[in-house]
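Summary of structural features
One letter stands for each residue in the lines below.
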Amino acid sequence: QVQLVESGGGLVQAGGSLRLSCAASGRTFSSHSMGWFRQAPGKEREFVATIHWNGYSTYYADSVKGRFTISRDNAKNTVYLQMNSMKPEDTAVYYCAARSGANLYYQIYQYPYWGQGTQVTVSS
């Protein structure tokens with residue numbers, strides 16, 4: 001069982017940067033693969049990025065490659081999403097998610113644990 005709480009959302013202008021954090025509870029955090037998803041107004045929730053339990057493997061959605069970076073600090077039970085060169089299209093509620101095991105997945109149904117979400121707004 002993993003409990004997740006996102007933070008770091010806010011308002012940023014286009015071209016700016018923002019870093020999201022996801023604090024996880026549980027003694028088995030290091031054995032969980034983590035993911036970030038987002039849901040924009042009027043759109044379906046979509047995959048953003050995921051990271052392997054050991055932090056050495058990552059995968060990104062095409063829309064954020066080269067701009068966003070996912071990382072984790074297992075000692076702090078925290079996963080991060082560094083967002084650079086932000087665009088108005090990045091405006092959404094961002095959700096942290098977790099699943100046990102080493103495999104990386106981009107599908108929403110593969111993640112049983114979810115945070116409450118944090119709002120990110122990018123002005124043009």
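Residue positions are given per chain, counted from 1 along the sequence in the order it is written. Thresholds applied to this predicted model are a pLDDT of at least 70 for local features of residues and 80 or more for the giving and counting of side-chain atom pairs; totals over whole chains, interfaces and linings are not thresholded and use all residues. Values reported for side chains reflect all heavy atoms of the structure, with hydrogen atoms and water molecules removed beforehand.

For the rest of this paragraph, the subject is the pairing of strand 3 (residues 18-24). Throughout this description, buried means an accessible area under 20% of the type-specific maximum (1.4 Å probe, protein chains only), exposed means over 50%, and partly exposed covers the range between. Helix and strand definitions follow DSSP, with helices as H or I runs of at least four residues and strands as E runs of at least two, each counted in order from the N terminus. Extensive coverage of strand 3 is indicated by the burial of five of its seven residues. By the convention used here, strands pair only if DSSP detects at least 2 bridges between them. Pairing of strand 1 (residues 4-7) with strand 3, which is carried by four bridges, proceeds in the antiparallel orientation. Directly across from L4, in strand 3, lies its bridge partner A24. Pairing between strand 3 and strand 8 (residues 78-83): six bridges, direction antiparallel. Note that in strand 8 the partner of R19 across the bridge is Q82.

Before going further, it helps to spend a moment on the sheet that holds strand 3. Strands sit in the order 1-3-8-7 across an open sheet of four strands; the sheet is antiparallel. Two strands in the sheet have a free side with no partner beyond their single neighbour: strand 1 and strand 7 (68-73). Across this sheet, the average inter-strand angle for adjacent strands is 15°, counted without regard to direction. Bridge count between strand 7 and strand 8: six bridges; the pairing is antiparallel. Across the sheet, the residue bridging to S71 is Y80, located in strand 8. Geometry is summarised by axes, namely lines fitted to C-alpha atoms with helices restricted to the contacting stretch, and by angles between N-to-C directions that run from 0 to 180 degrees.

Our focus in this paragraph is the state of the cysteines. Note that a disulfide, as used here, is simply two cysteine sulfur atoms within 2.5 Å. The tally for this structure, following the rule as stated, stands at one disulfide. Across the disulfide, C22 is cross-linked to C96 (sulfur-sulfur distance 2.2 Å). The sign of the S-S torsion, about -80°, decides the handedness of the disulfide formed by C22 and C96: left-handed. Note that C22 is positioned in strand 3 and C96 in strand 9 (residues 92-100), a separation of 74 residues in sequence. For C22, a relative accessible area of 0% translates into the label buried.

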